[in-house]
Amino acid sequence: MHNTTSSPARTHRGVIKKTAALLAASALTFGLAACSSDDSGNAIVYVNGTEPQRLLIPGDTSENGGGRIVDMLYSGLVYYDANGIVHNELAESIDLEGDKTYKVTLKPDKKFADGTPVKASNFVDAWNHVVANDQMTESFFAPIEGYSEDATELSGLKVLDDRTFTITLNQPEADFPTRLGYNAFFPLPDNAYDDEEAFGRNPNGNGPYKLEAWDGSQSISLVPNENYDGPRKPKNDGVMFTFYARPDAAYADLLSDNLDVLDAIPTGSLANYQDELPGRSVSQPVAAYQELSLPEREAHFAGEEGRLRRKALSMSIDRDSITNKLFYGTRTPARDFTSPVIDGYNPNLKGNEVLMYNPEEAKKLWAQADAISPYDGTLEIAYDVDGGHQEWVDAVANQIRNNLGIEAVGHPYPDFKSYRNDIKSKTIKGAFRTGWFADYPGLGNFLVPNFVSTSSSNDSGYNNPEFDALMTKAAGQPTPEESNKLYNEGQEIMLQDLPAIPLWYPNVVGGWSNNVDNVTFNWKSLPEYYAITKN
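What you are looking at is a predicted structure, and each value in this text was computed from that prediction instead of being measured.

Undergrad: Please give an account of helix α2 (residues 120-132) that cites residues and values.
TA: An α-helical turn contains 3.6 residues, so a residue and the one three or four places further along point in the same direction. End to end, α2 covers 19 Å across 13 residues, agreeing with the expected 18 Å (1.5 Å per residue, within 8%). α2 sits mainly inside the fold: 11 of its 13 residues count as buried. Within α2, the full set of buried residues consists of Ala120, Ser121, Asn122, Phe123, Val124, Ala126, Trp127, Asn128, His129, Val130 and Val131. The elements touched by buried residues of α2 are β6 (101-106), β7 (157-161), β8 (164-168) and α4 (196-201). Within two residues after α2, Asp134 carries a phi angle of roughly 50°, on the positive side.

This is the structure we're talking about:
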């Protein structure tokens, strides 16, 4: 999701065992020794966020600002705990019948926030609706029988009764049950389609919380859903997401105990945050990475000229210097397009020398590109100010200027929503910052949504039929280990094309106030909101 399996068992019954790797790092849970009174007089937890790019509809949400809220408003067949392990939530069982059909049985008596029952048809209708209406997560349904870009209904989905439905895939895919905790696969109630815009602004979900208020570009407040009785039962009286224009303002509120949890310490405070938040901070690797995208539609970045220029840009960036001096070791230089905490990660892929600092080779590659067509423009690097990216964008632009002798500058957007809107409408000129927080714990989740030509999150517009075919083949392997081998072969193709330039793997660097206990940051870098308590 933009800023998102070692068992060969063929049956998933009861609590689904984790079919992706156990993440290398455990989630960090902290209790605070210090206690102070909550002046608000209630147990509302105040956290940071960004305004959702779109309405609060699961199948049409593919970015972090909306995703963190949708995950609290809805529940799926399964959910991921803080370590990324898969557990049943609404599913009583998910059984493989044959080699590519799953029979799903729902737990009884599950309800939406308005008290209406959650039925099998609420899943099937919602998934068909995503495909029929070309919503943002449509590509996640491509493995299901009957999918095409023009499909209005998936023939691989069959409702058997109110608690049972089947999912038939085009081919066996070992990690398919693992994906079912992603918001694309959440259900919608029958009344969601009467007025979709009105529903998306005031959704009737089935998750731990329900919407209390959405104050435009300022905030969203959630309160516990009394009809939710699942494993993520809230331990507070609600969560208030405040949309800060700049991360420095959020950090100032955290230091003064006016904000309870912040999941991104601003770059300018990385040198001092541990002293300023004694015993109330975390720096932990997570399933995420950052990159620069530079689409082939841009002048001088198509074909062989574009490949040469992207490689030159990549090798002109001193990732080690930036991650150590600017980020104080809270980032790790990227060696691929995924994350080290995901099973199957390989830091020694063939061709990844293009991700290592080599200014002399960068100059040669840029000169070779100039021999094809001279470059005489200014390279702009777009980014969203509210995400705290200015410092590193300026540093990267400075290195490009010094090493390639071209003009490079940052191009700031005031907020994430307007920034993502221009990315999706393909109106951004030059390079732009992109990143990915995993939706489910697997290599394929970094590669397929971001780089397969038909995927809605393919911001760089990458189109390589050989890569696409390899991703389909990888997904169809009988074991995760065999899938990972092919996923990494696909990455070696990408290292030749560089559809995007990997930069680094970020830690979650967060902190919390004196007013809260039981703060856990999960494998996706977000707080486990429902578990936070007010002291």
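Undergrad: Would you mind going over unusual backbone geometry in detail, with residue names and values included?
TA: Negative phi is the rule for most residues except glycine; trans is the rule for most peptide bonds. For Lys426, which is not glycine, the phi torsion reads 60° and is therefore positive. Along the chain, the position of Lys426 falls in the loop between α11 (416-424) and β18 (431-437).

Undergrad: Can you lay out the sheet that holds β7 for me, pointing to particular residues and giving the numbers?
TA: The strand order across the open sheet formed by four strands is β5-β6-β8-β7, and the pairing between neighbours is antiparallel. Each edge of the sheet is formed by a strand with only one pairing partner; in this case those strands are β5 (91-97) and β7. For this sheet, the mean inter-axis angle between neighbouring strands, taken without regard to orientation, is 20°. Across four bridges, the pairing between β7 and β8 is antiparallel.

Undergrad: How would you explain the pattern of salt bridges if you had to name every residue and give the values?
TA: Applying the stated criterion across every chain yields a total of 22 salt bridges. When the shortest N-O distance is used, the salt bridge between Arg179 and Asp175 registers 2.6 Å. Across this residue pair, the class does not change: Arg179 and Asp175 are buried. The residue Lys210 makes a salt bridge to Glu226 at a minimum N-O spacing of 3.0 Å. Of this pair, Lys210 sits in strand β9 (residues 209-215) while Glu226 sits in the loop between β10 (219-224) and β11 (238-243); the two residues are 16 residues apart in sequence, bridging distant segments of the chain. Classification of Lys210 by relative accessible area gives partly exposed; the value is 26%. Each of the salt bridges in this network shares a partner with another, and the network as a whole consists of Glu173, Asp175 and Arg179.

Parameters and conventions
Residues numbered from 1 in each chain as written. Predicted model: local features only at pLDDT ≥ 70, side-chain atom pairs only at ≥ 80, totals over all residues. Heavy atoms only, no water. Helix = DSSP H or I, 4+ residues; strand = E, 2+ residues; numbered from the N terminus. Expected span 1.5 Å × (residues − 1). Buried < 20%, exposed > 50% of the residue type's maximum accessible area, 1.4 Å probe, protein only. Contact = heavy atoms within 4.5 Å. Pairing = 2+ DSSP bridges. Axes fitted to C-alpha atoms, helices over the stretch in contact; angles between N-to-C directions. Salt bridge = Lys/Arg side-chain N within 4 Å of Asp/Glu carboxyl O.

Spatial relationships are all this shows, so hold off on functional conclusions.
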